[in-house]
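Reading the structure
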Amino acid sequence: MKPSSEDGAAQAGGPWEECFEAAAQLALRAGQIIRKALSEEKRVSTKTSAADLVTETDHMVEALILQELQQRFPSHRFIAEEAAAAGAKCVLTPSPTWIVDPIDGTCNFVHRFPTVAVSIGFAVNQELEFGVIYHCTEERLYTGRRGRGAFCNGQRLRVSRETDLSKALVLTEIGPRRDPMTLKLFLSNMERLLRAGAHGVRVIGSSTLALCHLASGAADAYYQFGLHCWDLAAATVIIREAGGVVMDTSGGPLDLMSCRVVAAGTREMAVLIAQALQTINYGRDDERPLTFMGSQTKKVLLTPLMRPARPFRVSNHDRSSRRGVTASSLQELLTKTLDALVIASGLVTLVLEEDGTVVDTEAFFQTLGDNTHLMVLEKGQKWTPGATYIPARQLPKRQGIARVTFDLYKLNPKDVIGCLNVKATMYEMYSVSYDIHCPGLKALLRSLLLFLSHTAQMTGQCLVHTGTYMLRVLADTEERAVPSPRPRRGITSG
Ligand code: IPD
C-alpha cells in the first residue's frame, strides 16, 4: 500500500491539522531524496565519535525540511539533529516546537543498508502533539497524533500485550560511543535480558524504526542509552497512541532530553526491562553546547587533549599473576586490568604494588610513571609487602651540554691561521656549532667578537638547563626524605 497522510477519520481535524499535514508531506518528499541517494556515492564525516556519521544528504534534507517549515510557521521553534551538531541549543520551551531527524539510521544509509527513516515530531507546551516517521525504502509512513491513534499507511497500529520478559522480543540500539566501558555495559545489559530468558535482542541501526516496530506489535520492548530527542520525539507519540508506554530507564516518567529510554507494549514489561538495566550515562541533550560541534572543529580541538596510552604492570593480590597493560586513563586501566587478570567482580581496589597506596583518582593516576607496578585487590583482600619488589624508577632525564669539540682546518693553504669549528652537543636536544674564519687580523678580530657573543648565548642556555636539573634533583631528594602518609580509600568499578 502506498503511503498517504490520510489516516482516516480518527486523524482528521484538530488544532495542529495544518502542521501535521505539512510534516507528512515533507517526510514523503525527504524520503524520495534519501531513497535516491541511498545507492549513490556519499561524502561521509564523523561527529561525536568515529561511529557517529553524517553525510551531505543529512544536511540537505534537514535544510529542506527546516526552510519549508520556517516559511510556513515563522513563529515556531526548531530542534534538529544537524543544527544541534553544529552547536544549536536543544531546549524545549512551551512554544510550538518541531523536533527533526533528517535521516535516522545514517550509518545504515552510508552502508546502503535499507533501514533509514525521516522523523518529524511536534510539541506544544512541552507536550508531544504528533509524530511522523517515514521508512524511506519500504515507503511506510508511520503517524501518531495525541488522542487520535497511530497508523502505518492508514492501518491502525497496536502494540503487543506481552508482560513476560521470558517471552519477549526486545529491540535496542548501540548508540555512538565505543569506549571499552560503554561497550562492556552495553553488552552486559544485553546479556542480562538474554539471561532473563528474552527470546531475542535485535539491533537494526535506526532507533525510530525500531520504535515503530514496537508500535506495530512486531516486538515487545525497546531500550537504549545514547539516543537523542530527535530519535525519540515522533516515535513516542506513535507508541503511546498505539497503546504502549515510554518511560525513563529509572522507571520514572520519560524525559525527552535525558538520552535514555525504555518503551514497551505494557507497563509490566517496561518496568522489568528498566529493572534489569545498568545505566550508561550519556549526559543530556539540553546540556551540551560544546560536545556537539562540527566534526572538523571537534577533531582539531580534541586531538591535543587526548592522552596517549602508557604501559603499566599489574598483578593480583598475591603476585602470582602479572600482566602488562597500556592505558590512558584510570578507568581504562581498571577495565583492562580486570580483563587481563580475568577478574569477574567489578568491586576492586587498585593500589601501588610498592607500598599499597590506593590509586583512586584520575589526577593521582596521571602522576604515575610509565611501567609503574600496580596491584588489584578484590573484596576482602589486603596489600602485603612483596619480597622481591624492585621499584620501576625512571632514570632522570639528562640535560645540559653533553660534549664540546674543537676542529682546526684551513679553507685555503695560504691562510695564516685557518678556521676553528666549535661544536657543543646538548643532551637529547640539539647541537650548536660555530666556525671561526681567521684569514687576516681584521677578520680575526670580528670573528672573535662573534665567537664571544655566541659563547654568551650558549652559557645562558647551559645555566637554564643546569638550573632546571638541580631543581629536579633537589625535589627528588626532598620527596625521598619525607615519606608522606597517603590515605587509603576504596574505588569501585562496574
Ligand atoms: C542514530 C541511530 C542509531 C542509534 C543512535 C541514533 P542517526 O541516529 O538511530 O541506531 O544507535 O543512538 O542517534 O545518527 O542515524 O540519526
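I will try to describe carefully the structure that is included in this document. (Residues numbered from 1 in each chain as written. Predicted model: local features only at pLDDT ≥ 70, side-chain atom pairs only at ≥ 80, totals over all residues. Heavy atoms only, no water.)

1. Some words on helix α7 (residues 229–241)
Helical periodicity: at 3.6 residues per turn, an α-helix aligns residues three or four positions apart in one direction. Put simply, the rule reads: Each helix is a run of H or I in the DSSP string that is no shorter than four residues. Each strand is a run of E no shorter than two, and both are numbered from the N terminus. In a helix, the anticipated span is given by 1.5 Å times the number of residues less one. By definition, a residue's bend is the angle between the axes fitted to the seven residues ending there and the seven starting there. Summary of the burial criterion: residues with accessible area below 20% of their type's maximum are buried, those above 50% are exposed, and those between are partly exposed, where the area comes from a 1.4 Å probe applied to protein chains only.
When the terminal C-alpha atoms of α7 are compared, their 18 Å separation across 13 residues agrees well with the 18 Å that a helix rising 1.5 Å per residue should span. At Ala235, α7 shows its strongest bend, of approximately 30°. Taking burial as the measure, the 13 residues of α7 include twelve buried ones, the bulk of the element. Buried residues of α7: Cys229, Trp230, Asp231, Leu232, Ala233, Ala234, Ala235, Thr236, Val237, Ile238, Ile239 and Glu241, and no others.

2. Structural notes on the packing of aromatic side chains
We describe a pair of aromatic rings using the distance from one ring centre to the other and the angle between the two ring planes. Inclusion rule: Aromatic rings from Phe, Tyr and Trp, with only the six-membered ring used for Trp, were paired whenever their centres fell within 6.5 Å, and each pair was classed as stacked if the ring planes differed by under 30 degrees, edge-to-face if by over 60, and tilted otherwise. We call a charge positioned over a ring when the NZ of a Lys or the CZ of an Arg lies within 6 Å of the ring centre and within 35 degrees of the ring normal.
What the rule picks out here adds up to seven aromatic pairs. Consider the rings of Phe122 and Phe130, whose centres lie 4.9 Å apart with planes at 20°: the pair is stacked. Of the two residues examined, Phe122 and Phe130, each falls in the buried class. Geometry around Tyr282 places Arg177 over its ring, the cationic atom sitting 4.1 Å from the centre. In this arrangement the basic side chain of Arg310 is found over the ring face of Phe365, its NZ or CZ atom lying 5.8 Å from the centre.

3. Considering the pattern of salt bridges
Rule in force here: Think of a salt bridge as a Lys or Arg side-chain nitrogen and an Asp or Glu carboxyl oxygen that are within 4 Å of each other.
Evaluation of the coordinates by the stated rule reveals 20 salt bridges. The salt bridge partner of Arg29 is Glu68, with a shortest N-O separation of 3.4 Å. Of this pair, Arg29 sits in helix α1 (residues 17–38) while Glu68 sits in helix α2 (residues 56–72), placing them 39 residues apart in sequence. Its relative accessible area of 39% is what places Arg29 among the partly exposed residues. Between Arg195 and Glu191 there is a salt bridge; the shortest N-O distance is 2.7 Å. In this pair, Arg195 and Glu191 both sit in helix α5 (residues 180–195), four residues apart, roughly one turn of the helix.

4. Overview of unusual backbone geometry
Leaving glycine aside, a negative phi is the common case for residues, and trans is the common case for peptide bonds. For Asn153, which is not glycine, the phi dihedral falls at a positive 45°. Along the chain, Asn153 falls in the loop between β8 (149–152) and β9 (155–156). On the basis of relative accessible area, Asn153 is assigned to the buried category, the value being 9%.

5. Some words on the site of the ligand
Keep this limit in mind: A cutoff of 4 Å decides nearness: a residue is near a molecule or strand if any of its heavy atoms lies inside that distance of it. Distance and chemistry together define a polar contact, namely a pair of N or O atoms within 3.5 Å, with one atom able to donate a hydrogen and the other to accept it when in protein, and with adjacent residues in sequence counting only for side-chain atoms on both sides. Method for areas: the Shrake-Rupley scheme with a 1.4 Å probe, in which residue coverage is limited to the protein chains shown. Ten residue types, Ala, Val, Leu, Ile, Met, Phe, Trp, Tyr, Cys and Pro, are classed as nonpolar, four, Asp, Glu, Lys and Arg, as charged, and the remainder, Gly among them, as polar.
Residues in close proximity to the ligand total 17 residues, the closest being Asp104, Gly105, Thr106, Ser207 and Gln224. Within the side chain of Asp101, a nitrogen or oxygen atom sits 3.1 Å from an oxygen atom of the ligand. The contact in question runs from an oxygen atom of the ligand to an N or O atom on the side chain of Gln224, over 2.8 Å. Protein chains bury 89% of the 380 Å² of accessible surface belonging to the ligand in isolation. It is strand β4 (residues 97–104) that contributes the most residues to the shell around the ligand, three residues altogether. Within the shell around the ligand, the residues separate by chemical class into three nonpolar, nine polar and five charged.

6. Quick notes on the nonpolar core
Under the convention used in this document: Residues grouped as a nonpolar core are buried Ala, Val, Leu, Ile, Met, Phe, Trp, Tyr and Cys residues, joined through side-chain atoms within 4.5 Å. By the convention used here, residues are in contact when the closest approach between their heavy atoms is within 4.5 Å.
Core analysis: the biggest nonpolar cluster contains 40 residues, and Ile99, Ile133, Tyr142, Leu157, Tyr222 and Leu256 have the highest contact counts within it. When contributions to this core are tallied by element, the ones reaching two or more residues are β5 (117–124), β6 (127–135), β8, α6 (207–215), α7 and β14 (260–264). For this core, the element with the highest residue contribution is α7, accounting for nine residues. Residues contacting Leu157, with those up to four places away along its chain left out, are Tyr142, Ala150, Phe151, Cys152, Ala215, Ser216, Ile238 and Ala242. One finds Cys19, Ala23, Ala30 and Val100 within the second-largest nonpolar core, a separate group that totals 32 residues.

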